[in-house]
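In case you want the letters, here they are:
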Amino acid sequence: MNIALIGSGGREHAICQKLIESSLLTKVYCIPGNAGTSLIAKNLNFNFLNFKKLYAAIKFYKIELVVVGPEVPLVNGIVDFLQKNKIKVFGPNKDGAKLEFSKSWAKEFMQDANIPTANFWKVNSLEEAKKIINSSSIPLVVKADGLASGKGVFIPNSKDECFKAAESIFNGRFGNSGNVVVLEEKIQGPEVSVFALCDGKRYTLLPTAQDHKRLNEKDKGPNTGGMGAYSPAPLLTEDYLYRIIKEIIEPTINELNKRDIDYRGVIYFGLMITESGPKVIEYNCRFGDPECELIMPMYDGNIIDVFFEVAESRLNKNTVKWKNQKGVCVAVCSGGYPEKYQSGFEINGLEQIDNEVICFHSGTKISDDKLLTNGGRVLVLSTLGESIYYSREKVYKELKKVSFTNSFYRKDIALRAIENE
Ligand code: AMP
Ligand code: GLY
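All values derive from a computational prediction rather than experimental measurement. (Residues numbered from 1 in each chain as written. Chains lettered and ligands numbered in written order. Predicted model: local features only at pLDDT ≥ 70, side-chain atom pairs only at ≥ 80, totals over all residues. Heavy atoms only, no water.)

## Things to note about the nonpolar core
Then comes step 1: One finds Ile15, Leu19, Phe287, Phe307, Leu379 and Leu381 to be the most contacted residues of the largest nonpolar core, which totals 69 residues.
Then comes step 2: Those residues in contact with Leu381, other than ones at most four positions away along the chain, are Val328, Cys329, Val330, Ile353, Val357, Ile358, Cys359, Val395, Glu398, Leu399 and Val402.
Then comes step 3: Counting residues in hydrophobic clusters, the runner-up holds 55 residues, among them Phe48, Ile78, Val79 and Ile115. (Core = buried A, V, L, I, M, F, W, Y, C linked by side-chain atoms within 4.5 Å. Buried < 20%, exposed > 50% of the residue type's maximum accessible area, 1.4 Å probe, protein only. Contact = heavy atoms within 4.5 Å.)

## With respect to the site of ligand 2
Then comes step 1: Around ligand 2, the neighbouring residues are Asp211, Gly225, Tyr268, Asn284, Arg286, Gly288, Asp289, Pro290 and Glu291.
Then comes step 2: Within the contact set of ligand 2, a nitrogen atom lies 3.1 Å away from a backbone nitrogen or oxygen of Gly225.
Then comes step 3: Tallied by class, the residues present in the shell around ligand 2 amount to 2 nonpolar, 3 polar and 4 charged. (Near = heavy atom within 4 Å. Polar contact = N/O pair within 3.5 Å; in protein donor to acceptor, adjacent residues only side chain to side chain. Nonpolar A, V, L, I, M, F, W, Y, C, P; charged D, E, K, R; others polar.)

## Some remarks on the sheet that holds strand β3 (residues 42–43)
Then comes step 1: Here 5 strands make up an open sheet; going across it, the order is β3-β2-β1-β4-β5 and the pairing parallel. Looking at which strands have only one partner, the edges of the open sheet turn out to be β3 and β5 (88–90).
Then comes step 2: Looking at chain direction, strand β4 (residues 63–68) and β5 are connected through 3 bridges and run parallel. If you follow Val66 over to β5, its bridge partner there is Val89. (Pairing = 2+ DSSP bridges. Helix = DSSP H or I, 4+ residues; strand = E, 2+ residues; numbered from the N terminus.)

## Re the packing of helix α1 (residues 10–20) against helix α12 (residues 303–311)
Then comes step 1: Viewed as axis vectors pointing N to C, α1 and α12 meet at an angle of 110°, and their least axial separation amounts to 8 Å. Classified by the interaxial angle, the pair formed by α1 and α12 is roughly perpendicular. Only Ile303, Ile304 and Phe307 of α12 make contact with α1, whose side of the interface consists of Ile15, Lys18 and Leu19.
Then comes step 2: Grouping the constituent residues of the contact of α1 with α12 by class yields 5 nonpolar, no polar and 1 charged. (Axes fitted to C-alpha atoms, helices over the stretch in contact; angles between N-to-C directions. Parallel < 35°, antiparallel > 145°, perpendicular 65-115°, else oblique.)

## Section: the pairing of strand β18 (residues 326–334)
Then comes step 1: Burial within β18 is extensive, with 8 of its 9 residues counted as buried.
Then comes step 2: Bridge count between strand β15 (residues 228–231) and β18: 4 bridges; the pairing is antiparallel. Across the sheet, residue Ala229 finds its bridge partner in β18, namely Cys329.
Then comes step 3: As paired elements, β18 and strand β22 (residues 377–385) share 8 bridges and run antiparallel to each other. From the neighbouring strand, Gly327 faces β22, where its bridge partner is Leu384.
Then comes step 4: As judged from the 2 bridges shared by β18 and strand β23 (residues 407–408), these two strands associate in the antiparallel manner. Within β23, the residue paired with Ser334 across the bridge is Ser407.

Take it as geometry only, folks, not as evidence of what the structure does.
Here it is in structure tokens:
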């Protein structure tokens, strides 16, 4: 059986690796993939938003299932297009992807379903924003409504910074994604990621995780796509997870059903554990990256079965099995990320990495038989073990072997987890 995998990051390399371990598979076609996927699958280098071309490739390569990694094709209706053309696909349709691509829509969705989240104001102009900021007695967070590659959220320290953030969004910093601004009550607490696989009716949970979004050690500096993660999240006890299921997960699935949204894919719940309980910070309509680089290795079985069950709306919770292990992953980045950085540097040392640690490629390419950097996050090293402590030790030992010009990685990934282990 042939499968197409859309995307080019570490998340897709991790999904690809799991797919090729499946006995049911003939070939994976990655569109466009990266250097890592080219070593284990076939990359097709064209723009996945060109649906006509995509359809032709699906027919030519006799592809039976399409798995969509990133949010951009989902938001652009890739699933709606494929379903209309009777092609099986893992991922939510455009209506479902709204959970991620419109923060104001997601907030109203949560409000309607009584799902705990920070109070918010949806504003359509700077004037309106100014009024709310001026009259607010609580600290606010400022967000561009639409997709902004993880850069659309501002955590200001003063009213003046609030105005400036709202102004920069309305002035077009994020294009149309900033036509609407969401002002939110600033809430506090540790953040956790909970993932559900949903087939439109049923759901099952994936291992929980916590990522480190900030660039610098001690969780300081600007937000990034994610500098590293660990799984499961130690602070989510069974009881607390049950509370999250009852207050957040099930109300979300019920509200999707109530709105006739046939959601077939991953729902990523970005949560904050506040003093008054769990609250939703954001929804994403896809696997997290780098969290996926832990979750895929943790899967114990043929992942293809699960993707098909979700795509065909016949999810069987008994199919979905996880290894009882704990993992840590760390991203190795190009100097300058998440702002400007240079690419094209040769990557060395990967052949020396112990095979208990998997090296997933994020931004890489092969040129003249050399492996080169080709993105902000370049590699993600990931491992599983009996404890987060042990996994962390293993990953950091192997990270020392990897080198390229201006490379860097955070040295404190998962430290906060092992303090409580
Ligand atoms: P988002 O892209 O919505 O996940 O936001 C990025 C990051 O901003 C989150 O991971 C939080 O650390 C922070 N954040 C977002 N919303 C709030 C909020 N209402 N209060 C405090 N921090 C927030
Ligand atoms: N790791 C955060 C994200 O995938 O959005």
